[in-house]
Structure formats: C-alpha cells, structure tokens
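Spelled out from the first residue to the last, the chains are:
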Amino acid sequence: MAPNNALGNPTAARLRAAAEGRPAKSPRRRRASGGSQPDGVRVASSDGFGAGATSMIDRSEVAARGTGTAKRTPLDEFEAAARADGLVASELRSFWTCVMFLTRLPCPGWCDHHPGYLMRSMAHFPLIGALIGAWAAAFYDAAASLWPPLV
C-alpha cells in the first residue's frame, strides 16, 4: 500500500462507496459474508452498450438500433457497383486502370483513377510491369541494331 493509506487517507474504493451512499466493504467482510461469487469477481448489471438494470434504455431498444447507422460507406458503394458490373467488366476496368496508372498510353474513356479500382489494379502491377519492361527492352534492342553505340 502507498504510505498515504497508512496515514488514514481513504482509498478510491472507500471514496466510491461513500459517494454511492453504501458502507465500504473490506475484503475480510466480503469473505465473511459468504457471497456466491469468488473473491474479486464483480457481476455486471448492464451490457457493454449501456443497457441493463441501471439504464434508462431497455435492452431490446439497444439491440434494435444495430450498429447505429444504416448509411452505406463509400467502400460499400464501390463493392456494390463492382458486383453489379460483373466480374469480367470489373477486372477489365482494373486492368486498364493499372495501364493508365503505370504508363502514358491512351486508355478507354470508361476507366479512370477511382481509388477502389486502383487498389484492385495492384494485382496487375507485376504483369503490366513485365510487359512495359519487355517493350522497353525490345525498343532498346531495335535501336541498338539500327544505330552504332555512341561511346
């Protein structure tokens, strides 16, 4: 115990008991009273969301509220739109978004830098990167065969 408790200063449990208007119980009194719960175990009188015996709101009302909002998030909107478009159309848009992001090549007008499709297009980065590298190597090889080295 802290030295101030030895001097007779009240503990937090005693202050709480005094504020609630009930007598402070020491661990000895709890053991002597023969409670059904083991020592140090408290039983909750309400659930974690504030409903219960000490609440002004009934448990059924809290349960009926659900998560608190029926509003769809932007991610929910994106997922619903991607499912509505179909798997092939969604993957094509992801592919062309990747091409548009990694190159300056002209792409179809129906694809853009939508964050959701840009995140999905990261799966295509290795393939598109390999194609860009092969194209650059072919261009370099063709240029090296046409012109002599400068140095």
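Here the structure is a predicted model, which is why all the values come from computation and not from measurement.

Enquirer: Where do I start with the side chain of Ser121 in this structure?
Expert: Its location among the elements puts Ser121 in helix α7 (residues 115-121). Ignoring sequence-local partners within four residues, the contact set of Ser121 consists of Ser94, Thr97 and Cys98.

Enquirer: Before we go on, may I ask you to explain helix α6 (residues 87-102) in this structure?
Expert: Note: α-helices contain 3.6 residues per turn, so residues at a spacing of three or four share the same orientation. If you check α6, its first and last C-alpha atoms are 23 Å apart, about what 16 residues at 1.5 Å a residue would give, namely 22 Å. Within the sequence span of α6, burial applies to Ser90, Arg93, Ser94, Thr97, Cys98 and Val99. Summarising the contacts, the buried residues of α6 are in contact with α5 (74-85), α7 and α8 (125-146).

Enquirer: Where do I start with the layout of surface pockets in this structure?
Expert: In this structure, the second largest pocket encloses a volume near 210 Å³. Forming the walls of the second largest pocket are Phe95, Val99, Thr103, Leu105, Ile128, Leu131, Ile132 and Trp135. For the lining of the second largest pocket, the secondary structure elements donating two or more residues are α6 and α8. The biggest single contributor to the lining of the second largest pocket is α8, with four residues. The residue makeup of the lining of the second largest pocket, split by class, is seven nonpolar, one polar and no charged.

Enquirer: Any chance you could explain the pattern of salt bridges here in plain terms?
Expert: Pairing is possible between side chains that carry opposite charge, provided their charged atoms lie close to one another. Applying the stated criterion across every chain yields a total of two salt bridges. One salt bridge connects Glu79 with Arg120, and the closest N-O pair in it is separated by 3.4 Å. Note that Glu79 is positioned in helix α5 and Arg120 in helix α7, a separation of 41 residues in sequence. Ionic pairing is found between Asp112 and Arg93, a salt bridge with its closest N-O pair at 2.7 Å. Of this pair, Asp112 sits in the loop between α6 and α7 while Arg93 sits in helix α6; the two residues are 19 residues apart in sequence, bridging distant segments of the chain. Classification of Asp112 as partly exposed rests on a relative accessible area of 35%.

Calculation criteria
- Residues numbered from 1 in each chain as written.
- Predicted model: local features only at pLDDT ≥ 70, side-chain atom pairs only at ≥ 80, totals over all residues.
- Heavy atoms only, no water.
- Helix = DSSP H or I, 4+ residues; strand = E, 2+ residues; numbered from the N terminus.
- Contact = heavy atoms within 4.5 Å.
- Expected span 1.5 Å × (residues − 1).
- Buried < 20%, exposed > 50% of the residue type's maximum accessible area, 1.4 Å probe, protein only.
- 1 Å grid on protein atoms, 1.4 Å probe; cavity = no way out; pocket = protein on both sides within 12 Å on 5 of 7 lines; lining within 4 Å.
- Points joined across faces, edges and corners; volume = space filled by probe spheres on them.
- Nonpolar A, V, L, I, M, F, W, Y, C, P; charged D, E, K, R; others polar.
- Salt bridge = Lys/Arg side-chain N within 4 Å of Asp/Glu carboxyl O.

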